[in-house]
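A closer look at the structure
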Amino acid sequence: MAFPEVDRDLVEYLDEKLPELVTAENLFVGPLRPVSDIVPVDAVFVLSTGGAPPDRTFRPGRVEIQYPAVQIRVRSVRKQDGMKLLFKIYDALQSVRFDRYKDVRTETSDPTWIEISDDEYYHWSWDFELFTMEFMFQRETVKISSHILPMVSNGSE
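Residues numbered from 1 in each chain as written. Predicted model: local features only at pLDDT ≥ 70, side-chain atom pairs only at ≥ 80, totals over all residues. Heavy atoms only, no water.

**Focus on helix 2 (residues 79-93)**
- For helix 2, built from 15 residues, the straight-helix expectation of 21 Å at 1.5 Å per residue is met to within 8% by its first-to-last C-alpha distance of 22 Å.
- Among the residues making up helix 2, those that are buried are Gly82, Leu85, Leu86, Ile89, Ala92 and Leu93. For helix 2, the angular spread of buried residues about the axis comes to 120°, placing them on one side. Structural note: helix 2 exposes Lys84 and Asp91 on the side pointing more than 90 degrees away from its buried face.
- Taken from the residues just after helix 2, Ser95 is the one with a positive phi, measuring 65°. (Helix = DSSP H or I, 4+ residues; strand = E, 2+ residues; numbered from the N terminus. Expected span 1.5 Å × (residues − 1). Buried < 20%, exposed > 50% of the residue type's maximum accessible area, 1.4 Å probe, protein only. Arc of directions from axis to C-beta.)

This is the structure in C-alpha cells:
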C-alpha cells in the first residue's frame, strides 16, 4: 500500500508546527513551482518520492512496515535563510511521531545545496523517510498437509 498523501500529511504537520510556514502561501505540496503572483520566492515544496519497498512481517494480521519518503525543497533569496529554514524543518520532523507515522528521519546528514538559479535564487533540498506499520487485509489461510517425500540421491553416496 502506497502513501500518496504523505506529502500532504507533512505539509499539514509543518503548517501546525512552524508559524513561519503557511500552506498555500509559502508551503506547497508537490514539485518546485516558478515564482508567480501566488508562489513567492521564499517558499517550501514537499514532494512524495515513493520510498523503499515495504518489509512484510508474518505476524497474525499481516503487518507491513512501510517507508514512504519525501523531498523537501526550499527556495530563498538569501542562501543562509534557506539553510536555516531547512534546519528548522529538520528539528520539527526528526524522530517525531504523528498520525500514523511512527518515526521520521533524514536520509542524509545535511541538506543539499542544489544551485543558484538563473534568477539568483538559492535552492536547497533534504530527503526524509517516514516509518509506519499498516495492517494488510486478511487472506484466507489454506492449510497444506505435510507429506514425507522420499529423498533422492545424486548417486555420490
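And the narrative resumes.
**A short note on the environment of Ile72**
- Relative to the assigned elements, Ile72 resides in strand 3 (residues 63-76).
- Taking the C-alpha atoms as reference points, Ile72 and Trp126, separated by 54 residues in sequence, lie 5.4 Å from one another.
- Non-local contacts of Ile72, meaning those with residues more than four positions away in its chain, are made with Leu14, Val44, Phe45, Val46, Leu86, Ile89, Leu93, Trp124, Ser125, Trp126 and Phe128. (Contact = heavy atoms within 4.5 Å.)

**Remarks on helix 1 (residues 6-17)**
- Helix length check: helix 1, at 12 residues, gives a terminal C-alpha distance of 16 Å against a target of 16 Å (1.5 Å per residue), a fit within 8%.
- If you check which residues of helix 1 are buried, you get Val6, Asp7, Asp9, Leu10, Val11, Tyr13 and Leu14.

**Some points on the environment of Phe131**
- Checked against the element boundaries, Phe131 lands in strand 6 (residues 122-135).
- When the C-alpha positions of Phe131 and Arg100 are compared, they lie 8.8 Å apart, and in sequence the two are 31 residues distant.

**Thoughts on the packing of aromatic side chains**
- Considering all chains together, one arrives at 8 aromatic pairs under this definition.
- With centroids separated by 6.0 Å and ring planes inclined at 55°, the aromatic side chains of Tyr67 and Phe131 adopt a geometry described as tilted. Placement of the pair is Tyr67 in strand 3 and Phe131 in strand 6, with a sequence separation of 64 residues.
- By relative accessible area, Tyr67 is classed as buried at 17%.
- Residue Phe131 is classed as partly exposed on the basis of its relative accessible area of 26%.
- Through pairs of rings, three or more aromatic residues link up here, namely Phe87, Tyr90, Trp126 and Phe128.
- Above the ring of Trp113, the side-chain terminus of Lys79 is found at 4.3 Å from the ring centroid. (Phe/Tyr/Trp six-rings, centres within 6.5 Å; stacked < 30°, edge-to-face > 60°. Lys NZ or Arg CZ within 6 Å of the ring centre and 35° of its normal.)

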